[in-house]
Amino acid sequence: MGLLGENHVYSYSQLSSFDECRYGFYLRRIEGIENPASNAFAERGSLIHDLLDKWAKKILTKEQMLEEYERRYSNEVVTAWPRMLAAKGYAKKAYETGIQFLENFDEFKGYEVISAEEKFNIQLPLSNGETRPFVGIIDMMLREESSGDIIICDHKSKSLQSFNKSKDEMYRQQLIYSAYVKEHYGDYPSKLMFHLFNEGGVKPEKLFSKEEYNQAIEWATKQIIGIEESSVLDWLVCKEKSDYFY
C-alpha cells in the first residue's frame, strides 16, 4: 500500500488528482495539506446544486427553489468575482442567470427521480482481478419514463464549451460509478447524463458503453497501482518535474 494505510478508501477525485499532478496528490493526501481558498464560481455553484438536491428530495418545490436562491445568495456567494469579470458586470449577470434558470427549470419532465445525492461505498473491481474500497456520490439517479432506462445524472456549473473540452474525463467518472449501479441496481445504467444549469439546464448525454467502462476501470487500476507503489522519493521527485504545477 505504499504510504497509504491498509484500509485506505479511494475516490475518483483522488485518482484524478494523482493522474493530474502526483506531487499535488502527495501534499493533499499524504501530508494532509488542503487549499481552503474558495471563489464566487464555486459558492454560486454549490448554492444551486444544493437547491437542486433539495428539489430532487422533495424538500423544495420549484417555486421555493427560486425563493431560497434569492434569500440565500448574498449570504453564501460572498467571495469577490475576478476583477476583469466584475468590471464587465459579471456579478449581476451571474445572479440573474441563476434566476432565469430556476424560473424556467423543467423539473426533468419525462424522468422519474430514483434518488438524490446517493452515497455509495463499494469494492471497486479492478482490471487485474483485485478490488479496492471506493466511495462516491451520484447527484441523481433517474429512470426515463418512456423506456424505463436508468440514468446517472450529475449537476454541473460548467459552460457547454468547457464541458465539451473535458467531457471525456467527466464521463469517465460516471463510467466508474457505473460499477456501483451494476452492484446495487442489478445492471449498468443505460445512459450517462449531465445537467448544465449555467446553460439553462442543457442535458448532454451518451449511451453507456461496456467497452468505455472497461477502459475507465483500466485507468482507475493504473492510478491505484501507481499510488500504492510510490515511495516518499517518488513523490518528491515529482516536485522537480516539468509538469509540476501544484
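So, how was this worked out
Residues numbered from 1 in each chain as written. Predicted model: local features only at pLDDT ≥ 70, side-chain atom pairs only at ≥ 80, totals over all residues. Heavy atoms only, no water. Helix = DSSP H or I, 4+ residues; strand = E, 2+ residues; numbered from the N terminus. Rg over C-alpha atoms; globule rule 2.2 N^0.38 Å. Buried < 20%, exposed > 50% of the residue type's maximum accessible area, 1.4 Å probe, protein only. Areas by Shrake-Rupley, 256 points an atom, 1.4 Å probe, with all protein chains shown as cover. Lys, Arg positive; Asp, Glu negative; His and termini not counted. Charge placed at Lys NZ, Arg CZ, Asp CG, Glu CD. Core = buried A, V, L, I, M, F, W, Y, C linked by side-chain atoms within 4.5 Å. Contact = heavy atoms within 4.5 Å. pLDDT = per-residue confidence, 0-100. Axes fitted to C-alpha atoms, helices over the stretch in contact; angles between N-to-C directions. Parallel < 35°, antiparallel > 145°, perpendicular 65-115°, else oblique. Nonpolar A, V, L, I, M, F, W, Y, C, P; charged D, E, K, R; others polar.

**Student:** When you look at the overall build of the protein chain in this model, what are you seeing that I'm missing?
**Tutor:** When helices and strands are counted, the protein chain shows nine helices and six strands. The globule rule puts the C-alpha radius of gyration for 246 residues at 18 Å, and the 20 Å found for the protein chain is close to it. In terms of overall dimensions, the protein chain has a C-alpha envelope of 55 × 50 × 30 Å along the principal axes. In the protein chain, buried positions account for 43% of the 246 residues. Of the roughly 13200 Å² of accessible surface on the protein chain, a fraction of 47% belongs to carbon and sulfur atoms. The centroid of the 31 positive side-chain charges in the protein chain is displaced by 4 Å from the centroid of its 40 negative side-chain charges.

**Student:** Hey, could you run me through the nonpolar core in this one?
**Tutor:** Membership of the largest hydrophobic core comes to 36 residues, with the highest contact counts inside it found for L15, L124, F134, I138 and I176. Contributing elements (two or more residues each) for this core: α1 (12-20), β2 (111-125), β3 (131-144), β4 (150-156), α7 (160-185), β5 (191-196) and α8 (210-229). For this core, the element with the most residues is α7, which contributes nine residues. When residues no more than four places from it in sequence are discounted, the contact partners of L15 are Y10, F134, W219, A220, Q223, I224 and I227. In terms of nonpolar packing, the next biggest core, distinct from the first, is built from 28 residues, L47, I48, W81 and F105 among them.

**Student:** Explain the confidence of the model for the protein chain here, please?
**Tutor:** Interpretation of this model should avoid reading the predicted coordinates in detail wherever pLDDT is low. Here the protein chain averages 90 in pLDDT, while 91% of its residues score no lower than 70. Scored below 50 in pLDDT, residues 242-246 makes 11 contacts in the model with residues more than four places away or belonging to other chains.

**Student:** Sorry, what's going on with the packing of α7 against α8 here?
**Tutor:** Helix packing for two helices is described by the angle between their axes and how far apart those axes are. Remark: α7 packs on α8, axes separated minimally by 9 Å, with the N-to-C direction vectors making an angle of 95°. Regarding the angle of α7 to α8, the classification is roughly perpendicular. Between α7, through R172, L175, I176, S178 and A179, and α8, the contact on the second element is made entirely by E212, Y213, A216, W219 and A220. By residue class, the composition of the contact of α7 with α8 is seven nonpolar, one polar and two charged.

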